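Listed below are the residues making up each chain.
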Amino acid sequence: MKTPLISAKNIKKHFDVGDGILKAVDGISFDIFPGETLGLVGESGCGKSTAGRTIIRLYEPTEGELIFIGQNIYELSRKEMQEVRRDFQMIFQDPYASLNPRMTVEDIVAEPLDIHHMYESHKERSVRVLELLELVGLGQEHVMRFPHEFSGGQRQRIGLARALALNPKFIVCDEPISALDVSIQAQVVNLLKDLQNRLGLTYLFIAHDLSMVRYISNRVGVMYLGHIMELADSEELYINPIHPYTKALLSAIPIPDPEIQRSRHRIMLEGDVPSPINPKEGCRFVDRCAYAQDICRTTTPKLIEKKENHFAACHVF
Ligand code: SF4
């Protein structure tokens, strides 16, 4: 059996918001294997971005363990964590906001190399920057330019070059394509896949666009109000969803064939995602679920294996 690169065990991230406790992430567990992409999907406010940040300890967890190559990184001191941090990187939804507008591309990409003293000479630094830019499809002509001179897709490439500078093992991709034009989205996703094959990278890919997640992910977890509702191989989840929430999300994806689209039954999700402040005991989806029973209001369903490698948290299905 393969050993996971990342093993998240009952991770929680709660925030004290004055009039209550906001349970953004409330006990999530999963493994991510080397070279794999795990997709994490859900509506905005479901806690998926907080989960990504907590997993790599950009946010301190409230509870749980994150085992990375045999050690629980939540127990490491700040100094020990600095070493591990090289292996973890994150790319963001808005690449422009994460690039310093007053720095050239060369300095942006070289920043992690500067911080970690990763070169002997200025020449070595320049060579490494060029190598990183080439990896993401940019070249020498871009080195001395500033972020505002680039398109959204190119800026995402610059962010990616910087994220790759320290040869990370694991990258959290936090909605990296949702701010881009549809035509550019596929290019960035293909680049991520290509880099994964070439460099053996492992990704957590966070998104609300279910169709793109299917394309890039080996397995997909569906999140709702801080809980994982369903987790399965990507194709299995899309073909045989179990959880009522997953079914509703999938039924909302438009199908290009108008005949099939007309004949499909679209499950309407009533209302918005409820507030994660002081959530009640029971299934978090209960107020929007057409199949709710009494037990759903009193007992939180556990994420259990319903079929081989297909997990769901539901009392009824
Ligand atoms: Fe619906 Fe109950 Fe299943 Fe929750 S546990 S999804 S409320 S049927």
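Use the structure listed above.
Conventions adopted
- Per chain, residues are indexed from 1 in the order of the written sequence.
- A pLDDT threshold of at least 70 governs which residues receive local features in this predicted model, and a stricter bar of 80 or more applies before side-chain atom pairs are shown or counted, although totals over entire chains, interfaces and linings include all residues.
- The side-chain numbers reported here are obtained from all heavy atoms of the structure, hydrogens and water having been left aside.
- The criterion for a residue being near a molecule or strand is simple. One of its heavy atoms has to lie within 4 Å of it.
- Each residue is assigned to one of three groups, with Ala, Val, Leu, Ile, Met, Phe, Trp, Tyr, Cys and Pro labelled nonpolar, Asp, Glu, Lys and Arg labelled charged, and all others, Gly among them, labelled polar.
- In this text, helices come from DSSP runs of H or I with a minimum length of four residues, and strands from runs of E with a minimum of two, each type numbered from the N-terminal end.
- Summary of the burial criterion: residues with accessible area below 20% of their type's maximum are buried, those above 50% are exposed, and those between are partly exposed, where the area comes from a 1.4 Å probe applied to protein chains only.
- Contact between two residues is taken to exist if any of their heavy atoms lie within 4.5 Å; hydrogens are not considered.
- For this document, the term salt bridge refers to a Lys or Arg side-chain nitrogen within 4 Å of an Asp or Glu carboxyl oxygen.
- Two strands form a pair only when DSSP identifies at least two bridges running between them.
- Any two of the Phe, Tyr and Trp rings considered here, Trp counted by its six-membered ring, make a pair once their centres fall within 6.5 Å; the pair's planes then place it as stacked at under 30 degrees, edge-to-face at over 60, or tilted in between.
- Working convention: axes come from line fits to C-alpha atoms, limited for helices to the stretch in contact. Angles between N-to-C directions cover 0 to 180 degrees.

Next up on the list: the site of the ligand. In the region of the ligand, 13 residues are neighbours, and Cys283, Cys289, Cys296, Cys314 and His315 sit closest. Partitioning the shell around the ligand into residue classes produces eleven nonpolar, two polar and no charged.

Now for the environment of Ser234. Turning to its location among the elements, Ser234 is positioned in helix α8 (residues 234–239). Overall, the relative accessible area of 4% leaves Ser234 in the buried class. Linking Ser234 and Ile216, residues 18 residues apart in sequence, is a C-alpha distance of 9.0 Å. Beyond its immediate stretch of four places on either side in the chain, Ser234 contacts Val213, Arg214, Ser217, Asn218, Arg219 and Val220.

In this structure the tally under the stated criterion is 15 salt bridges. Note that Glu36 is salt-bridged to Arg219, the shortest N-O span being 2.6 Å. Pair noted here: Glu36 is in the loop between β2 (21–32) and β3 (37–41) and Arg219 is in strand β9 (residues 219–224), with a separation of 183 residues, a long-range link. In this structure Glu36 comes out as buried when scored by relative accessible area, which is 9%. A salt bridge links Glu236 to Lys307, with the nearest nitrogen and oxygen atoms 2.7 Å apart. Here Glu236 is found in helix α8, whereas its partner Lys307 is found in strand β11 (residues 304–307), with 71 residues between them in sequence. What makes Lys307 partly exposed here is its relative accessible area of 38%. Here the residues in one salt-bridge network are Asp107, Asp114 and Arg125, joined through shared partners.

Read from one edge of the open sheet, four strands run β2-β1-β4-β5, paired in antiparallel fashion. Strand pairing shows two members of the sheet lacking a second neighbour, β2 and β5 (71–72), which therefore form its edges. Strand direction decides the pairing type here: strand β4 (residues 63–68) and β5, joined by two bridges, are antiparallel. When the bridges of β5 are listed, Ile67 appears paired with Asn72.

Moving on to the packing of aromatic side chains. Centre-to-centre distance and the angle between the planes together describe a pair of aromatic rings. All chains considered together, the criterion is met by seven aromatic pairs. Where Phe88 meets Phe170, the ring centres are 5.8 Å apart and the plane angle is 80 degrees; that geometry is what we call edge-to-face. In this pair, Phe88 sits in strand β6 (residues 88–91) while Phe170 sits in strand β7 (residues 170–174), placing the two residues 82 residues apart along the sequence. Look at Phe170 and you get buried, because its relative accessible area is 0%. Ring centres of Tyr291 and Phe317 lie 4.9 Å apart, and the angle between their planes is 90 degrees; on these two criteria the pair is classed as edge-to-face. Here Tyr291, found in the loop between α10 (258–263) and α11 (294–298), pairs with Phe317, found in the segment after β12 (310–312); they are 26 residues apart in sequence, far enough to count as distant. Judged by relative accessible area, which is 32%, Phe317 ranks as partly exposed.

Let us now look at the sheet that holds β6. The strand order across the open sheet built from eight strands is β6-β7-β8-β3-β9-β10-β12-β11, with neighbouring strands paired in mixed fashion. Lying at the two open borders of the sheet, with one neighbouring strand each, are β6 and β11. Across the sheet, the axes of successive neighbouring strands diverge by a mean angle of 25 degrees, strand direction being ignored. With four bridges joining them, β6 and β7 adopt parallel strand pairing. What sits directly across from Gln89, in β7, is Ile171. Together, β3, β6, β7, β8 (202–207) and β9 form the strand contacts of helix α1 (residues 48–55), whose direction differs from that of β8 by roughly 155 degrees.

Within the secondary structure layout, Ser217 lies in the loop between α7 (210–216) and β9. Of the residues examined, Ser217 reaches a relative accessible area of 8% and is grouped as buried. Excluding residues within four positions of it along the chain, Ser217 makes contact with Thr37, Leu38, Gly39 and Ser234.

This is a description of form; function is not addressed.
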